[in-house]
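# Structure assessment
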Amino acid sequence: MPTLPESLSSFQVWVGGAVVLGAAVWYLGLNTPSAKAKRAGAALAPGPKRLPVVGNLFNFPKRKWYDTFTRWAKDYGDITYVDLAGTSMIVLNSFGAIRELTEKRMNIHSNRVHATLVCDLMGSAYFLTLMQPTKNFAEQRRLFQKAIGPRIVEQYDAFIQHGCSELLQQFDGFSGEPIGILTKTMGNVLTRIAYGERFFEQHGPEIIKYNIEGVELISWAFTQFWFVDVIPTLRYVPAWFPGAHFKRVGNQGKYYSDMIRYLAFNRVKANMAEGLVDESILSKYLQEGSISEDNLRDAVATMYTAGVDTTTITITHFLFSVALYPEWQQKIHQEMDRVLGRGQLPTLGDTSKLETFEAVFKESFRWNPPVPLGLPHVSSKEDVIDGYYIPKGSIVHCNIGFVLRDPRLWGEDSLDFNPNRFLAAHNPSVNELPDIWSIPFGFGRRICPGRHLAQRSGLFYAAAILSAYEILPYEGETLTPDGPFEDSAVRRLSHFRCTFKPRS
Ligand code: HEM
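Computed from a prediction, not measured in an experiment: that's the story for all the values here. (Residues numbered from 1 in each chain as written. Predicted model: local features only at pLDDT ≥ 70, side-chain atom pairs only at ≥ 80, totals over all residues. Heavy atoms only, no water.)

## Describing the UniProt feature "binding site: heme" (unreviewed entry) in the chain
Test applied: UniProt positions are given in the numbering used here, feature names are shortened, and annotations may be inferred rather than shown by experiment. Strands are runs of DSSP state E lasting at least 2 residues, helices are runs of H or I lasting at least 4, and numbering of each runs from the N terminus.
Taking the UniProt record as the reference, the feature "binding site: heme" (unreviewed entry) is found at Cys 448. As for its position among the elements, Cys 448 is in the loop between helix H17 (407–410) and helix H18 (451–468).

Shown next as C-alpha cells:
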C-alpha cells in the first residue's frame, strides 16, 4: 500500500500531467493553421483531404509533383492548401495570385526553404538559389545585375559566338540525344564567362565535373526524406554512429560545395597575383572592388549550377518542337533563307529579325518551360490572400507550367502548340500577352538573375542550329506532344533523340 504522502504525490503527478496535457492540447488547438486562419478572419484554401496531425503526409505525391499540382488546380482552383504534418504548403495556380504574393508582397514571400542536410551539413546555403534574403543576398543579386543584366549582357557575345562553332561542329552528322552536346557547350561558355579562358584551358573539365556531380548529389538529397531535417540537432551525431548515413552524405556534399566555391576562385586570384588577368566576371569585379570578395566568389560559383541545365533544356525543347512540327521548321528555314541568305549563320543581333523563328522559340518555351514549379518561396510572416490564410513558414510553389497554359491568359487554344499567337500578323492582341521572357524565370525578388544571358544564348544557339541543320525525328521513332518527361524539378524530355541533317 502506498503511504499517504506517496499517494498524494502520485495524485499530484496525475493532476499535474492532466493540466499540462490539457494546456498543450488547448495551446495546439489554438495554434493549428485553421484556428489561426479563423482568428485572421480567413479560411484555409481548399486542398486534398487532410488527416488530423499528419495532414496530407499520406496523400501527398511521392513523385510527379508538377502533374499532381496541376491536376489539383482543376479540382481546387487558384490556390491549393496542403499540410505536411505541420508544415504548410501553398500552390499558386493563377498569375494574379502569384504576382500579388511574390511581387506586391515580396517582403513577406521571398525566403527559401532551409533544409539542415543540404544547407548546413552539405554547406550549400551559399548558393544564391538557397540563400535567405539577407544583406549578402542583396549584394549578390546586385552583382548579377551588374555583370549579366540587360544593359551589359551583349558584352559576352564573343564567348557565346565562340561556343557556337564548337556546337555546330559536334552536331555534324550527329544522331542521338542532343542534350549532352548542348550541356557541354553551355557549361564551357558559362565557365569561360565566369572565370576566363586561361582558367578554362587549365581546369575547365575539373570544375565542370565538380559542378555536375555536386548538383546531382544536392538535387537528389533535396528530394529525400531526412530525419535530420525534422530534428536539426541530429546534425551533431558523429558520422560513425549507427544510422548516421546522412552525415556521410553531408560530408560528401560539403566536399563538392567547397570545391565549387573555392577552387576556381583561388586559382583565378593566384593567376591575377602573377599579373595573368583575362576577361571574366570574376577578374573584372575583383579589380573593380565594388562587391565584397566573399559575395563575388559565391555569386559566380552559382552560375554553372543555376544556368547550364535550364538553358540547355530550353534549347532541347525547342529542337523537340521543330522535329514534332516540321511545318513550323520549314517556315523557319524559309524565313532564314529570305532574311539571312541561304547557308548564312545568324549573328547574335539577327535573331530579332527572324520573327517566325522567335515565335516558335517563345511558343516552345511557353509550352514546356524547364522549371514548371519554379523554386519554392517561403513566407516569413502570416498573410491572407483572397480570403485564404497563408501561415508563417509556408512553402509557396508558383505553378509556372500551369500559368503558361492557362486559357485565361493565352486563349482557348492554350494547350495547343501554336506559334501564331506570338505573331502580330495572326494575333492582333499579341501585345496583350503576358511576358514570355519573364514568367518561366520566376517572380519578384527571386526572379532569375540569369534570364537575359539565358535568353540571348538560348535564342542564338537555337537559331544557329536551325540555320545549319534540319532536325528530324530519330530514325524509327515517333514523337508525341506529351513527351515523356523526366520526373525532376528541372523538367526535361526523357531521352529525346533526333537527327541533324546538314542543310546543303
Ligand atoms: C532558360 C534558362 C533559365 C530558366 C528557365 C531559369 C529559371 C529560373 C527560375 C524559375 C528561378 C527561380 C525564381 C524564383 O524563385 O521565383 C531561377 C533562379 C535563379 N537562376 Fe535561373 N533560369 C535560367 C537560366 C539561368 C542562368 C543562365 C543563370 C546564371 C548564369 C541563372 C541563375 C539563377 C540564379 C542565381 C537563381 C536564384 C535567384 C534567387 O534565388 O534569388 N539562371 N531561374
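## Things to note about the environment of Ser 457
To be explicit about the condition: Only protein chains enter the calculation, and the probe is 1.4 Å; a residue is then buried if its accessible area is under 20% of its type maximum, exposed if over 50%, and partly exposed in between. Within 3.5 Å is the distance limit for a polar contact, defined as a pair of N or O atoms, with the added protein rule that one can donate a hydrogen and the other accept it, and that residues adjacent in sequence qualify only through two side-chain atoms.
Within the secondary structure, Ser 457 is located in helix H18. The buried category is assigned to Ser 457, whose relative accessible area is 1%. A distance of 2.6 Å separates a polar atom in the side chain of Ser 457 from the backbone oxygen of Leu 453.

## Overview of the site of the ligand
We count it as follows: In this text, near means that some heavy atom of the residue lies within 4 Å of the molecule or strand in question. Following the grouping adopted for this structure description, the nonpolar residues are Ala, Val, Leu, Ile, Met, Phe, Trp, Tyr, Cys and Pro, the charged ones are Asp, Glu, Lys and Arg, and the polar ones are all others, Gly among them.
Surrounding the ligand, one finds 27 residues, the nearest of these being Arg 112, Arg 141, His 377, Arg 446 and Cys 448. Here an oxygen atom of the ligand and a side-chain polar atom of Arg 112 are 2.7 Å apart. A distance of 3.3 Å separates an oxygen atom of the ligand from a polar backbone atom of Leu 128. At the level of secondary structure, the elements contributing two or more residues to the shell around the ligand comprise helix H6 (135–148) and helix H13 (293–324). Among the elements that take part in the shell around the ligand, H13 stands out by supplying six residues, more than any other. Class assignment of the residues belonging to the shell around the ligand gives a composition of 14 nonpolar, ten polar and three charged.

## Examining the packing of H6 against H13
Two quantities define a packed helix pair, namely the angle between the axes and the distance from one axis to the other. Threshold: Note on method: axes are straight lines fitted to C-alpha atoms, helices fitted across the in-contact stretch only, with angles between N-to-C directions ranging 0 to 180 degrees. Left-handed describes a crossing whose near helix is turned anticlockwise from the far helix through less than a right angle; right-handed describes the clockwise counterpart. By definition in these notes, contact holds between two residues if any of their heavy atoms fall within 4.5 Å.
With their axes 9 Å apart at the nearest point, H6 and H13 run at an angle of 65° to one another. The way H6 lies across H13 gives a crossing that is right-handed. Two secondary-structure elements touch here, H6 through Asn 136, Glu 139, Gln 140, Leu 143, Phe 144 and Ile 148 and H13 through Asn 295, Leu 296, Asp 298, Ala 299, Val 300 and Met 303. Residues that form the contact of H6 with H13 fall into these classes: seven nonpolar, three polar and two charged.

## Some remarks on the nonpolar core
To be explicit about the condition: As used in this record, nonpolar core signifies buried Ala, Val, Leu, Ile, Met, Phe, Trp, Tyr and Cys residues forming a set joined through side-chain atoms within 4.5 Å.
In this structure, Phe 318, Ile 465 and Ile 471 are the most contacted members of the largest nonpolar core, which totals 135 residues. Broken down by element, the residue count for this core peaks at 14 residues, all from H13. Leaving out residues up to four positions away in the same chain, Phe 318 has contacts with Ile 332, Phe 357, Val 360, Phe 361, Ser 364, Ala 462 and Leu 466.

## Some remarks on helix H15 (residues 355–367)
Put simply, the rule is: Each residue after the first adds 1.5 Å to the expected span of a helix.
Helix length check: H15, at 13 residues, gives a terminal C-alpha distance of 18 Å against a target of 18 Å (1.5 Å per residue), a fit within 8%. Along H15, the residues classified as buried are Thr 356, Phe 357, Glu 358, Ala 359, Val 360, Phe 361, Lys 362, Glu 363, Ser 364, Phe 365, Arg 366 and Trp 367. At its buried positions, H15 is contacted by H13, helix H14 (326–339), H17 and H18.

## Some details on the sheet that holds strand E2 (residues 87–92)
Cut-off, in case you're wondering: When DSSP finds two or more bridges between a pair of strands, those strands are recorded as paired.
The strand order across the open sheet built from four strands is E1-E2-E7-E4, with neighbouring strands paired in mixed fashion. Of all strands in the sheet, those bounded by a partner on one side alone are strand E1 (79–84) and strand E4 (377–378). When E1 meets E2, the two strands line up antiparallel, connected through six bridges. Counterpart to Leu 84 in the pairing with E2 is Thr 87. The strands touched by helix H3 (residues 65–76) within the sheet are E1, E2 and strand E7 (395–398), with E1 carrying the most contacts at an inclination of about 125°. Along the sheet face, helix H4 (residues 95–104) touches E1, E2, E4 and E7 and points at about 130° away from the line of E2.

## Some remarks on the state of the cysteines
For clarity, the cut-off: Cysteine sulfurs are considered disulfide-paired once they come within 2.5 Å of each other.
Going through the model one piece at a time under the given rule, you end up with zero disulfides. A disulfide-free cysteine, Cys 498 has its sulfur positioned 16 Å from the sulfur of Cys 164, the nearest such atom.

## Concerning the packing of helix H9 (residues 197–222) against helix H11 (residues 245–273)
Quick note on the threshold: Angles are sorted into four bins: roughly parallel if under 35 degrees, roughly antiparallel if over 145, roughly perpendicular if 65 to 115, and oblique for all others.
At a minimum axis separation of 9 Å, H9 and H11 run at an interaxial angle of 160°. By the criterion of interaxial angle, the relationship of H9 to H11 is roughly antiparallel. In terms of crossing hand, the pair formed by H9 and H11 is left-handed. In terms of residue class, the contact of H9 with H11 is made up of 14 nonpolar, eight polar and four charged.

## Some words on the sheet that holds strand E9 (residues 498–502)
Ordered in space as E3-E9-E8, the three strands form an open sheet in which the pairing is antiparallel. The outermost strands of the open sheet, each flanked by one partner alone, are strand E3 (175–176) and strand E8 (469–473). As judged from the five bridges shared by E8 and E9, these two strands associate in the antiparallel manner. Residue pairing across strands places Leu 472 opposite Thr 499, the latter belonging to E9. Of the strands in this sheet, E8 and E9 touch H18, which is tilted by about 90° from E8.

## Considering unusual backbone geometry
Omega for the peptide link from Gly 483 to Pro 484 comes to 10°, which places this bond in the cis form. Position of Pro 484 relative to the elements: it lies in the loop between E8 and E9. Positive phi, normally seen in glycine, also occurs at Asp 386, with a value near 50°. Checked against the element boundaries, Asp 386 lands in the loop between strand E5 (383–385) and strand E6 (388–390).

## Describing a nonpolar patch on the surface
For clarity, the cut-off: Patch membership requires over 30% relative accessible area and the absence of a salt bridge. Like charges are linked within 9 Å, and nonpolar side chains (Val, Leu, Ile, Met, Phe, Trp, Tyr) within 5 Å. In this description, accessible areas are obtained by the Shrake-Rupley approach with a 1.4 Å probe, and a residue is regarded as covered only by the protein chains that are shown. A side-chain nitrogen of Lys or Arg and a carboxyl oxygen of Asp or Glu constitute a salt bridge if their distance falls within 4 Å.
Together, Phe 225, Phe 227, Val 230 and Ile 231 give the surface a local cluster of nonpolar side chains, amounting to about 450 Å² of exposed area. Summarising the element assignment, Phe 225 is placed in the loop between H9 and helix H10 (227–230).

## Structural notes on the pairing of E2
Within E2, five of the six residues are buried, which leaves it mostly tucked inside the rest of the structure. Where E1 hands over to E2, the hairpin turn is made up of two residues, of which Ala 85 adopts a positive phi near 50°. Bridge count between E2 and E7: four bridges; the pairing is parallel. By the bridge assignment, Ile 90 is partnered in E7 with Val 396.

## Side note on H11
The α-helix advances 3.6 residues per turn, and as a result positions three or four apart in sequence lie on the same side. Compared with the 42 Å implied by 1.5 Å per residue over 29 residues, the 42 Å span of H11 between its first and last C-alpha is a close match. Phi turns positive one or two residues past the end of H11, at Gly 275, with a value near 85°.

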